[in-house]
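Single-letter residue listing:
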Amino acid sequence: MDRIRIRGGQPLNGTIPISGAKNAALPLMIASLLTEETLELSNVPRLADIASLLRILSNFGVDHMIAGRRPGETQETGQTIRLTAGSVVDTFAPYELVSTMRASFWVIAPLVARFGEARVSMPGGCAIGTRPVDLLIMALEKLGATIEIDGGYVVARAPDGLKGGEIDFPKVTVGGTHVALMAAALADGTTVIRNAAREPEVTDLAECLVKMGARIEGAGTSEITVHGVPKLNGTSHDVLPDRIETGTYAMAVAMTGGNVLLENTKPELLQFALDVLEQAGAKITREGNGIRVYRNGNGIQPVDVTTDPFPGFPTDLQAQFMALMTRAGGTSRIRETIFENRFMHVQELARLGARIRLDGDGAFVDGVDGLKGAPVMATDLRASACLVIAGLAAEGETTINRVYHLDRGFEALETKLSRCGADIERVKG
Ligand code: EPZ
């Protein structure tokens, strides 16, 4: 199994191109099931999760073509994938495929909306918590699907098609909102989605669906109205920049010091997190089509943070921010309100010398003068990124095991960081 080896202590200087967002690309790829025509997606990141979803879609009979690199394009410009669900042969998503990635459960929505039936494995738990799908099922039921749980599978049926309805989410759910949008797009009549997720990835999906012929109002707000249409068409769509990758590198620069331009990204995708980073001592400016982040000389200030749905502080940046706070000049409190078990990185940070106390949904981080390199283990995708950030600032060598977690969500991480002066390499094996 590959490992990442980091020798810490170098500031980061240079330019990092930001990839397309994994969490936008996945629902967009799933939306290809809504039409028999071709959906062309560009700026798709090269990630293990994208490859896993392509396998699942192929299993249904979706044709895909990945365009080769054009002259002058670098590895980081993102790939273009054409998906055509013109001859779907199966609406069954087996456990072996769905269990590798929870988001693949979302295929249930376009399948039942377009073909009247889907049989999709329950995704099961994962390292960051139980993560149920009850609200996704509720959304489909509100649109008239009948749901049966059979041998670990969710069987959704709507032989006469879905009907518009009212969906009131008791808590904000990104996946639930994606599912509701895709299902409602082909339902007969109007659907109102209340307490909808406002994440930029939801807006990106809605924009693509509109280009495909869907009638959607209010995406990006907490109430979305969808007027169903009988058929959708193909289109081309550019995946929006990855705000979590952007925030991760911004935190890495805040941690190590230095000056980096994050290219092809937008501050408004993560304004809350950038404001927090400024309070912590980083300087952030918009520059061209990107964001410049620097911290020279001044120390890291402790900042209290609570994770919240968008536009609040993202749970997917909580671990990375905790890494930064381990070097702050004082104590910070980090509260995790989205997932109940998303502190697995705490014990690994402790191996590097961090001082963190857990208390319910909160972590108290007492900043220390220095971290010391050690072997550590990645437990989930974002926790891995947190260990990279800590390793970049730690004295001596840090080895991160189980980096397949990183490969799920960070494209060419070690290349992007080493070009900015980090001493980081992948050790094969
Ligand atoms: C998406 O997961 C992201 N995944 C997650 O990113 C992200 O952490 C999360 O949204 C929150 O922002 C993708 O986009 C592929 P939710 P999702 O439904 O949609 C509870 C990463 O690292 N809930 O918004 O699965 C749930 O347990 C990943 O890239 C129910 O109770 O998250 C959680 O507490 C990790 N019942 C809360 O809602 C349900 O039916 C929010 O989850 C559904 C969710």
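Reading guide: rules and limits
- Residues numbered from 1 in each chain as written.
- Predicted model: local features only at pLDDT ≥ 70, side-chain atom pairs only at ≥ 80, totals over all residues.
- Heavy atoms only, no water.
- Salt bridge = Lys/Arg side-chain N within 4 Å of Asp/Glu carboxyl O.
- Helix = DSSP H or I, 4+ residues; strand = E, 2+ residues; numbered from the N terminus.
- Buried < 20%, exposed > 50% of the residue type's maximum accessible area, 1.4 Å probe, protein only.
- Polar contact = N/O pair within 3.5 Å; in protein donor to acceptor, adjacent residues only side chain to side chain.
- Contact = heavy atoms within 4.5 Å.
- Pairing = 2+ DSSP bridges.
- Axes fitted to C-alpha atoms, helices over the stretch in contact; angles between N-to-C directions.

### Concerning the pattern of salt bridges
Piece 1. On inspection of all chains with the given rule, the structure shows 25 salt bridges.
Piece 2. Among the ionic pairs, Arg82 bridges to Glu40, the shortest N-O distance being 2.6 Å. One end of the pair, Arg82, is in strand 5 (residues 79–84); the other, Glu40, is in strand 3 (residues 38–44), with 42 residues separating them in the sequence.
Piece 3. Across the pair Glu245 and Lys416 runs a salt bridge, and its minimum N-O distance is 2.7 Å. Residue Glu245 is found in helix 8 (residues 243–256), and its partner Lys416 is found in helix 14 (residues 413–418); the two are separated by 171 residues along the sequence.
Piece 4. What makes Lys416 buried here is its relative accessible area of 1%.
Piece 5. Bridged by salt links that share partners, the residues Asp2, Asp407, Glu414, Arg426 and Lys428 form one connected network.

### Quick word on the side chain of Thr315
Piece 1. On the secondary structure map, Thr315 appears in the loop between strand 18 (305–306) and helix 10 (318–325).
Piece 2. Take Thr315: its relative accessible area is 10%, and that puts it in the buried class.
Piece 3. At a separation of 3.0 Å, a polar atom in the side chain of Thr315 contacts the side chain of Glu336.
Piece 4. Not counting residues up to four positions away in its chain, the partners in contact with Thr315 are Thr307, Glu336, Ile338, Phe339 and Arg342.

### A few points about the sheet that holds strand 16 (residues 283–287)
Piece 1. With respect to topology, 4 strands assemble into an open sheet ordered 2-15-17-16, the strand pairing being mixed. Single-partner strands in this sheet number two, and they are strand 2 (12–17) and strand 16. Geometrically, the sheet is characterised by an average inter-axis angle of 15 degrees between neighbouring strands, direction not taken into account.
Piece 2. In this structure, strand 15 (residues 258–263) lies alongside strand 17 (residues 290–295), joined through 6 bridges in antiparallel fashion. Paired with Leu262 across the bridge in strand 17 is Ile291.
Piece 3. Together, strand 2, strand 15 and strand 17 form the strand contacts of helix 8, whose direction differs from that of strand 17 by roughly 20 degrees.

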